[in-house]
Amino acid sequence: MLTTAPTRDPRRGSRAALIVATSSYLDPTFRGLRAPTSDATDLATVLSDPAIGNFQVTSLINPASQQLKVGVDEYLSERALGDLLVVYISGHGVRDARGRLYFVATDTLYSRLSATGVEALWLLDRLEECAATQQVVILDCCFSGAFAAGAKGGSDDLSRDLAELSARGRGRIVLTASRATEYSFEGQAVPGSTITGSVFTAGLIDGLKSSTAGLSNLGRISVEDAFRHACDFVQRHGVNQTPQRWSYGAEGTIWLAYAPRPKPTSPPSPYTAPEAGSDAAPELDVRHIASSPPNSKPRQSHQTPVPQRLPPSGGTVIGWGGRNPSLTRAFATVLEFGRLAVPAGLRGVTAISAGSRHALALTTDGSVLGWGENTFGQTRVPVRRLRGVRAIAAGGAHSLALCTDGTVAGWGNNNGGQAKTPKTVCQAVQVAAGGWHSLALLHDGTVAAWGENRDGQTRVPLGLQDIVSVAAGEAHSLALHVDGTVTAWGRNNYGQSSIPAAAVDVVTIAAGGSYSIALRRDGQIISWGRAPTGSAPRRLEGALGLSAGESHCLALGRDGVLHAWGDNSYEQCDIPHGLGELTAVSAGGTFSLALVAER
């Protein structure tokens with residue numbers, strides 16, 4: 001038994017993982033396996049890494065039946081309320097004549113399963129008695145008496161068993177390596193494969209180590225993220241198995257790990273990465289922008305779209321809206337509003353952000369480009385002051401860039417201090433630009449705010465922590481908690497900062513001019529404040545992008561369908577035909593942007 005124990009945070013429940021792997025058997029009926037031992041070692045290494053899983057890991061390798069039961073019982077009995085528990089089991093699984101499921105230990109006899117095996121219902125009872133609030137069960141085995149080369153089990157319908165394992169659980173998620181009628185393959189059993197362990201477990205480990213699983217969650221990897229990554233991994237390796245997931249009584253999001261910090265490269269990473277690239281916090285040297293005239297109007301805001309991973313070639317920017325002839329003529333000279341058209345030939349882009357009357361793009365070489373209104377220098381990018389850029393945000397009349405060292409650079413209108421980042425802001429993982437204020441999500445899950453504070457939009461609530469995403473409206477701010485709840489502060493004249501009861505189990509947030517919008521895990525989009533009306537999608541099965549403009553919204557589903565609703569006075573909701581494969585969207589003041597993958 002091998003145990004590693006990171007320091008426990010007294011403010012939160014502990015993170016505990018029990019890894020059970022059996023690869024050798026006394027009964028010759030059970031074929032010896034290569035994968036479980038190596039899988040257990042690799043998974044324990046990743047989960048116990050303080051920078052990734054930070055779990056207290058206990059491993060049971062090749063236990064006898066009684067040793068397995070005692071070890072499981074002792075370990076689960078030590079868990080407390082609020083704990084996150086992961087139980088991983090790899091090895092043979094079989095059913096008796098009555099259909100009861102058993103996990104096979106080293107001394108299990110096939111002819112005496114009830115006496116020498118470990119019944120699944122026994123494990124269920126132990127999990128029911130365990131005080132851990134969140135439980136994740138990962139089963140890399142199949143459940144029958146059929147065996148073949150490279151397989152850990154056989155076929156049969158295990159939906160009933162999984163229901164029995166999970167139906168009474170308190171926030172329990174069960175992941176399996178394959179369907180009931182499929183084999184769970186070891187790496188070398190797959191022709192041409194170089195994987196040394198189970199393909200499914202290798203996929204989980206790859207997702208936790210590479211950080212790609214958590215790009216959509218700003219540095220944190222949920223059970224859902226890890227599972228999706230493992231599914232893609234299995235498919236990429238051409239293995240004929242389909243991983244399955246069951247969830248019973250689970251509420252909110254169960255976060256499995258932190259996404260490892262990507263190492264800075266030269267040129268800078270082309271992706272909008274979720275973690276700060278360095279522990280260092282050098283002083284930020286930003287340009288001092290001249291104050292704007294006292295009678296200048298506040299600019300409306302936007303919400304930076306969820307960062308998406310693109311191919312190395314990046315994408316092409318498409319824009320529409322902002323084309324009302326009278327408005328264009330009226331402000332063509334003073335506000336240069338007519339320049340909102342996307343510059344010709346703008347390609348190789350990895351991220352976009354639409355402000356009130358200007359826009360930003362981040363390219364594959366780490367460069368930032370700006371276009372549109374430039375009255376306050378919001379599109380005049382301070383190239384020499386940027387230390388490699390991984391995220392961008394365009395606000396009312398100012399711009400922000402998140403650098404690879406975790407610092408934030410700002411330029412443009414600084415009347416309220418929104419473009420001058422405090423020197424104390426470091427290790428940022430996300431930025432958001434509002435009308436006259438700015439927000440940054442920090443690596444430790446807290447929020448920093450600066451700029452105009454007349455409505456309290458930069459007065460971050462005391463004790464605000466465990467945040468995974470932020471959004472800035474014209475004069476209000478939003479923060480999404482790890483448990484799927486939302487906190488808002490700032491201007492509330494239309495109720496934009498009054499969180500409705502329906503805002504639970506939220507996965508994505510956005511803040512517009514005087515309203516807020518959120519996507520729940522069940523696909524329902526909810527909004528509050530002076531929200532745009534129109535043909536909003538009733539349900540969205542996952543979102544690649546959710547963006548709130550001044551008075552219109554954009555939502556890009558995982559199915560590639562783009563939805564637009566709200567004010568269409570400037571054709572900002574008239575989506576062009578034949579855009580191609582979209583990867584991100586951003587709604588500005590009266591115009592819209594989309595990023596189209598280059599193939």
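See above for the structure.
Keep in mind the model is a prediction, meaning the values are calculated, not measured.

(A) Highlighting the overall build of the protein chain. Within the protein chain, the regular secondary structure consists of eight helices and 33 strands. Taking all 599 residues of the protein chain together, the buried fraction comes to 59%. Taking all contacts inside the protein chain whose residues are at least 6 apart in sequence as the whole, residues at least 24 apart take part in 64%. Of the roughly 23,200 Å² of accessible surface on the protein chain, a fraction of 50% belongs to carbon and sulfur atoms.

(B) Structural context of the environment of His358. Within the secondary structure, His358 sits in strand 15 (residues 358-363). C-alpha of His358 to C-alpha of Glu373: the two residues are 15 residues apart in sequence and 5.3 Å apart in space. Polar contacts involving the side chain of His358 include one to the side chain of Ser399, which spans 2.9 Å.

(C) Molecular detail of the packing of helix 6 (residues 199-210) against helix 7 (residues 223-236). Orientation of helix 6 relative to helix 7, taken along the N-to-C sense of each, is 125 degrees, at an axis distance of 8 Å. Our classification of the angle between helix 6 and helix 7 gives oblique. As helix 6 packs across helix 7, the resulting crossing turns out to be right-handed. Of helix 7, the residues touching helix 6 (which contributes Val199, Phe200, Ala202, Gly203, Leu204, Asp206, Gly207 and Ser210) are Ala226, Phe227, His229, Ala230, Phe233, Val234 and Arg236. Residues belonging to the contact of helix 6 with helix 7 are distributed by class as follows: nine nonpolar, four polar and two charged.

(D) Structural detail: the pattern of salt bridges. Applying the stated criterion to the full structure yields eleven salt bridges. Among the ionic pairs, Glu129 bridges to Arg126, the shortest N-O distance being 3.1 Å. Of the two residues, Glu129 and Arg126 are both situated in helix 4 (residues 120-129); the distance of three residues between them amounts to about one turn of the helix. Linking Asp225 and Arg228 is a salt bridge whose minimum nitrogen-to-oxygen distance equals 2.7 Å. With a gap of three residues between them, Asp225 and Arg228 both fall in helix 7, about one helical turn apart. Of the residues examined, Arg228 reaches a relative accessible area of 36% and is grouped as partly exposed. Look at the salt bridges and you will find they share partners, linking Asp73, Arg126 and Glu129 into a network.

(E) Geometry of the sheet that holds strand 22 (residues 447-451). Read from one edge to the other, the open sheet built from three strands follows the order 20-21-22, with strand pairing classed as antiparallel. Because the sheet does not close on itself, it has two edges, and the strands there are strand 20 (428-433) and strand 22. The sheet shows a mean angle of 20 degrees between the axes of neighbouring strands, taken without regard to direction.

(F) Expanded view of the side chain of His398. Within the element layout of this structure, His398 appears in strand 18 (residues 398-403). Residue class for His398 comes out buried when judged on its relative accessible area of 0%. Only 3.0 Å separates the side chain of His398 from the side chain of Ser438, close enough to count as a polar contact.

(G) Highlighting the pairing of strand 25 (residues 486-490). Bridging between strand 24 (residues 476-481) and strand 25 involves five bridges; their strand directions are antiparallel. Across the sheet, Leu480 pairs through a bridge with Val486, a residue of strand 25. Adjacent in sequence and paired antiparallel, strand 24 and strand 25 are bridged by four residues, among which Gly484 carries a positive phi angle near 90 degrees.

(H) Broad picture of the packing of helix 2 (residues 65-77) against helix 4. With their axes 9 Å apart at the nearest point, helix 2 and helix 4 run at an angle of 20 degrees to one another. As judged from the angle between their axes, helix 2 and helix 4 are roughly parallel. The hand of the helix 2/helix 4 crossing is right-handed. Along the contact surface, helix 2 presents Lys69, Val72, Asp73 and Leu76, while helix 4 presents Trp122, Leu123, Arg126 and Leu127. Across the contact of helix 2 with helix 4, the residue classes tally to five nonpolar, no polar and three charged.

(I) Structural view of the packing of aromatic side chains. Taken as a whole and assessed by the stated rule, the structure comprises two aromatic pairs. Between the aromatic rings of Tyr25 and Phe30, the centroid separation amounts to 5.8 Å while the plane-to-plane angle is 50 degrees, which identifies the pairing as tilted. Under the relative-accessibility criterion, Tyr25 is labelled buried at 12%. When the ring of Phe30 is compared with that of Tyr110, the centres are 6.1 Å apart and the planes differ by 75 degrees; the resulting orientation is edge-to-face.

(J) Molecular detail of the nonpolar core. Ranked by size, the top nonpolar core spans 35 residues in total, and within it Ile19, Leu47, Phe55, Ile138, Phe200 and Leu208 carry the most contacts. Put simply, the parts of the chain that give this core at least two residues each are strand 2 (15-21), helix 1 (35-48), strand 4 (84-90), strand 8 (134-140), strand 9 (172-176), helix 6, helix 7 and strand 12 (255-258). Formed by 25 residues, the second largest nonpolar core is a distinct cluster that contains Ala16, Leu123, Cys130 and Cys141.

Cut-offs applied
- Residues numbered from 1 in each chain as written.
- Predicted model: local features only at pLDDT ≥ 70, side-chain atom pairs only at ≥ 80, totals over all residues.
- Heavy atoms only, no water.
- Helix = DSSP H or I, 4+ residues; strand = E, 2+ residues; numbered from the N terminus.
- Buried < 20%, exposed > 50% of the residue type's maximum accessible area, 1.4 Å probe, protein only.
- Contact = heavy atoms within 4.5 Å.
- Areas by Shrake-Rupley, 256 points an atom, 1.4 Å probe, with all protein chains shown as cover.
- Polar contact = N/O pair within 3.5 Å; in protein donor to acceptor, adjacent residues only side chain to side chain.
- Axes fitted to C-alpha atoms, helices over the stretch in contact; angles between N-to-C directions.
- Parallel < 35°, antiparallel > 145°, perpendicular 65-115°, else oblique.
- Left-handed = near helix turned anticlockwise from the far one by under 90°.
- Nonpolar A, V, L, I, M, F, W, Y, C, P; charged D, E, K, R; others polar.
- Salt bridge = Lys/Arg side-chain N within 4 Å of Asp/Glu carboxyl O.
- Pairing = 2+ DSSP bridges.
- Phe/Tyr/Trp six-rings, centres within 6.5 Å; stacked < 30°, edge-to-face > 60°.
- Core = buried A, V, L, I, M, F, W, Y, C linked by side-chain atoms within 4.5 Å.

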